[in-house]
Amino acid sequence: MKWLKFFFAWSIWICLPTSLWAENPLRTDTIPASVGLPVTGQNQHPHDRTVNFGVKGGFTASLFLVSDFSINGQNIEQVQNNYKIGYFASVFMRINFERHFIQPEISYSINRCNIIFDKPQAEGVPEEMPLEQASITSSIHSIDIPVIYGYNIIKDGPYSLAIFGGPKIRYIWDRKSDITFENFNLEDMEEELYPINLNLTLGVAITISRIFFDFRYDIGLHNISKKITYTSPELSPSPGEEIPDNEIRFHRRDNVLSFSFGVFF
C-alpha cells in the first residue's frame, strides 16, 4: 500500500509540469539570440533592417565666411563672428546594406548669427578718432534636403559608430528670415537672399540601440546674399569716382555646426 501511494505521488509530480508546459509552450521570440535560437523579424535590430525611418532634432551654430564686404566703395577687412544658437527638426529614411547606408532627409532649420565690424571713417575725420561699430544679425529659416552616404566603422550588436558625408540642397525661406542692420545710418535696409543653395555635409554619428547622436558640419559652397537695398542720404563720392557709389556688397557663405538627438522607428 505504501508503494502504491508513493507511485501515485511520483506520477503527479512528473505529469503536472508536463501539462503546464503544454499549456504554455516556450516562446522563442523572448529568448536572446545568444542561446542559438533564430531571431524573429520583430526583434531584429534596426541596423540589420533593410530600411529604417526616424526623426531627430537639435541645435545649430552658424558662421558667416565673408568674402566681399564693402560700403560706399570702401572695403571692410575684419569681421567678428558671434555665434547664436539655432535649432532644427527633421525626418529621414535610412537604406542599409552591410556596413554602408544611404540616408535622405528633410528638415526645417533656423540658423542665427551676428557679425560686428568697424565702419569706414568718412573723409576729413582725424585718424585718432575711435572707429564706430556696426552689426548685421541674421535669423535664416530654411528647408534642407541632404542625401548622405555613411559607413559604420563599428557595428557590433546595438552599437555603431559611423562617418558620413554628402550634398545638401537648401531652400531659404526669405519671407520668414529676418536680417537686422544696426548703426548703418541708412533707412529701409533689406537683404535679398538666393533661395536655392548647395552645401556639403560631413559628420559622425553614434548609435545605441534605437537612439543616436549626430554631429555634423555643413559647408556653404557659394554666396547666399543676392543684394542689399536701402534708402540713403547724400553720400560723398568714392575715391576716384565722380558720382557716389551707393552699393553695399556683402558676399557670404553660411557654414553651420550642428548637434542632434534622434530615434529610429
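Here, every reference points to the structure presented above.
The model shown is predicted, which means the values in this text are computed figures rather than measured ones.

**Q** What is the right way to read the packing of aromatic side chains from this model?
**A** Given two aromatic rings, one states the distance between the centres and the angle between the planes to describe the pair. A full pass over the atoms with the stated rule returns 11 aromatic pairs. Ring plane angle 85° and centroid distance 5.8 Å describe the contact between Phe92 and Phe264, whose orientation is recorded as edge-to-face. Of this pair, Phe92 sits in strand E3 (residues 80-97) while Phe264 sits in strand E12 (residues 248-264), and the two are 172 residues apart along the sequence. Relative accessible area serves as the criterion here: at 4%, Phe92 is assigned to the buried category. You can call Phe264 buried: its relative accessible area is 2%. A ring pair is formed by Phe215 and Phe259, whose centres lie 5.0 Å apart and whose planes are at 40°; its orientation type is tilted.

**Q** Would you mind showing me how to read unusual backbone geometry here?
**A** Backbone geometry follows two general trends: most residues other than glycine have a negative phi, and most peptide bonds adopt the trans configuration. The backbone of Asn183 sits at a positive phi, close to 65°, despite the residue not being glycine. Note that Asn183 resides in the loop between strand E7 (178-182) and strand E8 (187-193). Unlike most non-glycine residues, Asp188 shows phi in positive territory, near 55°. Its place among the elements puts Asp188 in strand E8.

**Q** Looking at this model, I keep getting lost on the pairing of E3. Mind explaining?
**A** Walk down a regular strand and you will see the side chains alternate between the two sheet faces. In the sheet, strand E1 (residues 51-71) pairs with E3 via 11 bridges, with the strands oriented antiparallel. Counterpart to Gly57 in the pairing with E3 is Ala89. The sheet contact formed by E3 and strand E4 (residues 100-118) spans 14 bridges and is antiparallel. Of the residues in E4, the one forming a bridge with Asn81 is Ile115.

**Q** I keep staring at empty space enclosed by the protein and nothing clicks. Help me out?
**A** Any empty space left between the atoms is revealed when a probe the size of a water molecule rolls over them. Enumeration according to the criterion identifies 3 cavities of 30 Å³ or more in this entry. Estimates place the volume of the largest cavity at around 130 Å³. Looking at the largest cavity, it is lined by 15 residues, and the ones nearest its centre are Ser107, Ser109, Asp144, Lys168 and Asp218. Broken down by secondary-structure element, the contributors of at least two residues to the lining of the largest cavity are E1, E3, E4, strand E5 (133-156), strand E10 (211-220) and E12. For the lining of the largest cavity, the residue count by class is 3 nonpolar, 6 polar and 6 charged.

**Q** Help me understand the environment of Ser135 in this model?
**A** For Ser135, the location among the structural elements is in strand E5. By relative accessible area, Ser135 is classed as buried at 9%. As for Ser135 and Phe117, which are separated by 18 residues in sequence, their C-alpha atoms are 6.4 Å apart. With near-sequence residues (within four places) excluded, Ser135 lies in contact with Asn114, Ile115, Ile116, Phe117, Thr180, Phe181, Glu182 and Phe184.

Analysis parameters
Residues numbered from 1 in each chain as written. Predicted model: local features only at pLDDT ≥ 70, side-chain atom pairs only at ≥ 80, totals over all residues. Heavy atoms only, no water. Phe/Tyr/Trp six-rings, centres within 6.5 Å; stacked < 30°, edge-to-face > 60°. Helix = DSSP H or I, 4+ residues; strand = E, 2+ residues; numbered from the N terminus. Buried < 20%, exposed > 50% of the residue type's maximum accessible area, 1.4 Å probe, protein only. Pairing = 2+ DSSP bridges. 1 Å grid on protein atoms, 1.4 Å probe; cavity = no way out; pocket = protein on both sides within 12 Å on 5 of 7 lines; lining within 4 Å. Points joined across faces, edges and corners; volume = space filled by probe spheres on them. Nonpolar A, V, L, I, M, F, W, Y, C, P; charged D, E, K, R; others polar. Contact = heavy atoms within 4.5 Å.

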